[in-house]
Each structure stands twice: as structure tokens, then as C-alpha cells.
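# Structure assessment
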Amino acid sequence: DGGITQSPKYLFRKEGQNVTLSCEQNLNHDAMYWYRQDPGQGLRLIYYSQIVNDFQKGDIAEGYSVSREKKESFPLTVTSAQKNPTAFYLCASSMGSTKTSGNTIYFGEGSWLTVV
Amino acid sequence: KQEVTQIPAALSVPEGENLVLNCSFTDSAIYNLQWFRQDPGKGLTSLLLIQSSQREQTSGRLNASLDKSSGRSTLYIAASQPGDSATYLCAVPDMLYGNNRLAFGKGNQVVVIP
């Protein structure tokens, strides 16, 4: 089945640790995204990438890092600099940007990160 | 910067009633609008994508309208069922950054009572 796979589903981080969330897609999409969702809040964009080896900061990039070495993969590292990382993290992808038409965005099932 | 508001934040309806969910956005220079469904603890599932040239889009019991000039969209769900219980989010491009960066509302949390 085509889709977006996020792993792990649940992750616990100790204070001062870096952790990496995996996101893989087999939809042949150019664009990939990472969002954070907190209770009662909308989705907030962390990072996005429109092409391999290129990515841009979103609204809340501080304390996070990403890489885009392969089209299929867009891992997110939550560093120790992120002071409040407990949240639900969503990875998404779309065909890419077109100025005159929209592309449906597809989401993974999400990863829960808890600081212990 | 694009701001998206969804009203009401939460609502409960008896099974069989029609649902009306509202979404408003501040920058009307959009190319499209999307409606999503999210079940608790899950990712988002795309329901409907309306292009700016369209006024509405239909899929089964779902109908979404778009009034771009007034910055509004409405999602109608006919003859609601308990399985429709979920959070519904709308999203539009934040044109400050181009068509690929979306601004999301906080969602309409729906409970359909059997």
C-alpha cells in the first residue's frame, strides 16, 4: 500500500537526550513536512522540504533539526534544546508546489513523544 | 500571515441530523482549501480539496462550499452517523510562503449521539 510511515508510534525521551522520529513515504512526492500538534492547538509547522537536499524552517523550528538525503525519507531530530517537546508529531507529504493548483497533502499516523 | 478560525470548536448532534461546520480565513488570495478528518490519536485524512475556481465540492454525504471573496468555507455532512464523530480541520495555503505551506484551523470536534 502507498502511504506515509512514521515510527516509532510512541517514544519517551529523557532530559538532555536527542531523539529522532522517522518518516518514510512511497508516494513519490517531492514535498515533505513535519508538524507538531498540542492539545487544543492547531497544527504548527516545524520544517518542510520541497526537494532533496533542501529544507526550510517553519514557524517553530527552534530545537529541531531535519535532513532530506533521499526523496522518500525526512527524519526529524528533537534536540535537547527543545524545552517542551512533549507533543504529537505528524509527518506529511504532497506532490509539490504549483502556483495555479493545489495538491492534496497526505499525513502519516503520527508519533507521540513524551519527556520523562 | 494567514489565520484560520473554525467555529464552533465542539458540537454534539443526534444521529441523523445534518452537520454544518464553518471555517474562515483572513487572506482570500488562496488557490485552494482542504478539509480533513482526524480521529483521536491518529493522523489527518483528506476529505475534500476545493480549488479557488470552484464554489463547491461533493463526496458522498460530504459537501464543502467555498466563498473565497468573503474568506469562508462550510462543510456539510448529511444525515450524520456515529462514525462521523471526529475532529474536522480546514487548511488553506499561507500565501506569504507560496502554495505548499498550509495554515490550519484548530478544528471542529464533533460527537454524533446514537
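Before any of the text, the structure's been laid out above.
Residues numbered from 1 in each chain as written. Chains lettered and ligands numbered in written order. Predicted model: local features only at pLDDT ≥ 70, side-chain atom pairs only at ≥ 80, totals over all residues. Heavy atoms only, no water.

What follows covers the interface of chain B and chain A. At the junction of the two partners, chain B supplies 22 residues and chain A supplies 32 residues. For the pairing of chain B and chain A, the buried interface totals around 2,000 Å² over both sides, and the portion due to carbon and sulfur atoms is 48%. Joining chain B to chain A, the criterion identifies three salt bridges. Across the pair aspartate 59 of chain A and lysine 1 of chain B runs a salt bridge, and its minimum N-O distance is 3.4 Å. Of all the secondary-structure elements, those providing two or more residues to the side of chain B that touches chain A are β4 (32–38), β5 (44–51) and β10 (102–104) of chain B. Partitioning the side of chain B that touches chain A into residue classes produces seven nonpolar, eleven polar and four charged. (Contact = heavy atoms within 4.5 Å. Buried area = accessible area lost by both parts, 1.4 Å probe. Salt bridge = Lys/Arg side-chain N within 4 Å of Asp/Glu carboxyl O. Helix = DSSP H or I, 4+ residues; strand = E, 2+ residues; numbered from the N terminus. Nonpolar A, V, L, I, M, F, W, Y, C, P; charged D, E, K, R; others polar.)

This part is about the sheet that holds strand β3 (residues 19–25) of chain B. Residue and element names in this part refer to chain B. Spatially, five strands are ordered β1-β3-β8-β7-β6 in an open sheet, and the strand pairing comes out antiparallel. One side of each edge strand has no neighbouring strand; the edge strands of this open sheet are β1 (4–7) and β6 (56–59). Neighbour-to-neighbour, the strand axes of this sheet turn through a mean angle of 15°, independent of strand direction. Across four bridges, the pairing between β1 and β3 is antiparallel. Paired with threonine 5 across the bridge in β3 is serine 24. (Pairing = 2+ DSSP bridges. Axes fitted to C-alpha atoms, helices over the stretch in contact; angles between N-to-C directions.)

Attention shifts here to the state of the cysteines. Residues and elements named next belong to chain A. Enumeration over the complete set of coordinates arrives at two disulfides over all chains. Each disulfide pairs two cysteine sulfurs, and for cysteine 23 the partner residue is cysteine 91, the sulfurs being separated by 1.8 Å. Between cysteine 23 and cysteine 91, the disulfide has an S-S torsion of -75° and is therefore left-handed. Within this pair, whereas cysteine 23 is found in strand β3 (residues 19–25), its partner cysteine 91 is found in strand β9 (residues 87–94), the two being separated by 68 residues in sequence. For cysteine 91, a relative accessible area of 0% puts it in the buried group. (Disulfide = S-S within 2.5 Å. Buried < 20%, exposed > 50% of the residue type's maximum accessible area, 1.4 Å probe, protein only.)

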